[in-house]
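Take a look at the letters that make up each chain.
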Amino acid sequence: MENKIQTTNEPVRSSETGTLPVRYIRQPYPISAMQANLSKQQIRLLIGMMQSIQDGVQKMFERGANEKGQLLLFPDTKEDTVSVEFKFSDVAVRTDAYSDIEAIADNFMQMVFRYEDKENGEVILSHFVHNVVYPGRESFFDGKKRKRDKIRFIFTKEQAEVAFNFARYSRYMLSVASEAESKHTARIYMLITSASGFGHEGNGIYHWYVRYEELRRILGCDEKEGNKWVRRRQKQYKHFKADVLRVAERELRQLADDGKADCWFEFVELPENFIG
């Protein structure tokens, strides 16, 4: 499958009143491409986590591309772990959705981070996060009820070094990724905004070749069960094409046409033995 990504030269507008500053997020490709069925709430929490370390990311890039420095991205560093904390409100999680946080945190704890490192010919398996910490339903501080408005992700240093490897990364608009109607639009947008590492034909057009099975796994349509992959969602290609690819293609193109996104994509089905 080939995805042709078209960047737009039109100014990006964050409101109907004109051109305003746009917030971009740099995100390591292993997180953009991790194989997981993420809900929209989980995607927003990941974005919140990435948003909270952007100052550290900027400093890391200023030091030079040859210096990894993943562990320096985190404001809280212990002997064996690093962590990052942010508010639910930073990622537009509604007050009436706080009751869902426990279930979301539990899903993060069970999530196995699976990333295919093609350059080194390796598959990396790890639990994505070491701990997720959030206030209890009845949490008090100094005798006063504390607002349940923060969540903290804690990673072992080994987890952080794998997941936050910026050797290749996405650079996406915060508003597009966090406000997309479809969770698949957000995930695919994160993937294609790392297109600077893909084939480039000029005029702002990039090519990204991805196997159908690989894309299904990244988007969480297939899940690993023992030694085999099992199709869980959009089991037939016609459903995957209609419910995932076409929905994301239309939504992102509309945002770009409205001046609210910096790129859009088209896709072409290729024979299995195609070599790009």
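Whatever comes next refers back to the structure up there.
Note that the structure is predicted; figures quoted are calculated from it, not measured. (Residues numbered from 1 in each chain as written. Predicted model: local features only at pLDDT ≥ 70, side-chain atom pairs only at ≥ 80, totals over all residues. Heavy atoms only, no water.)

J.: Teacher, can you tell me more about empty space enclosed by the protein here?
T.: Following the criterion strictly, the structure yields 2 cavities of 30 Å³ or more and no others. Taken together, Lys 40, Ile 43, Arg 44, Ala 177, Ser 178, Ala 180, Ser 182, Lys 183 and Ala 186 make up the full set of residues lining the largest cavity. The set of elements that each furnish at least two residues to the lining of the largest cavity consists of α2 (40-52), α6 (174-179) and α7 (183-192). Examining the composition of the lining of the largest cavity, we find that 3 residues originate from one element, α2, more than from any other. Across the lining of the largest cavity, the residue classes break down as 4 nonpolar, 2 polar and 3 charged. Within this model, the second largest cavity holds a volume of roughly 30 Å³. Considering the residues around the second largest cavity, the lining is formed by Gln 27, Ile 31, Leu 38, Ile 43, Leu 46, Arg 187 and Met 190. Looking at the lining of the second largest cavity, the elements with two or more residues in it are α2 and α7. Tallied by class, residues from the lining of the second largest cavity come to 5 nonpolar, 1 polar and 1 charged. (1 Å grid on protein atoms, 1.4 Å probe; cavity = no way out; pocket = protein on both sides within 12 Å on 5 of 7 lines; lining within 4 Å. Points joined across faces, edges and corners; volume = space filled by probe spheres on them. Helix = DSSP H or I, 4+ residues; strand = E, 2+ residues; numbered from the N terminus. Nonpolar A, V, L, I, M, F, W, Y, C, P; charged D, E, K, R; others polar.)

J.: Would you explain the side chain of Ser 182 in this entry?
T.: Summarising the element assignment, Ser 182 is placed in the loop between α6 and α7. A polar atom in the side chain of Ser 182 sits 3.1 Å from the backbone nitrogen of His 184. Leave out the neighbours within four places in its chain, and Ser 182 touches Val 247 and Glu 251. (Polar contact = N/O pair within 3.5 Å; in protein donor to acceptor, adjacent residues only side chain to side chain. Contact = heavy atoms within 4.5 Å.)

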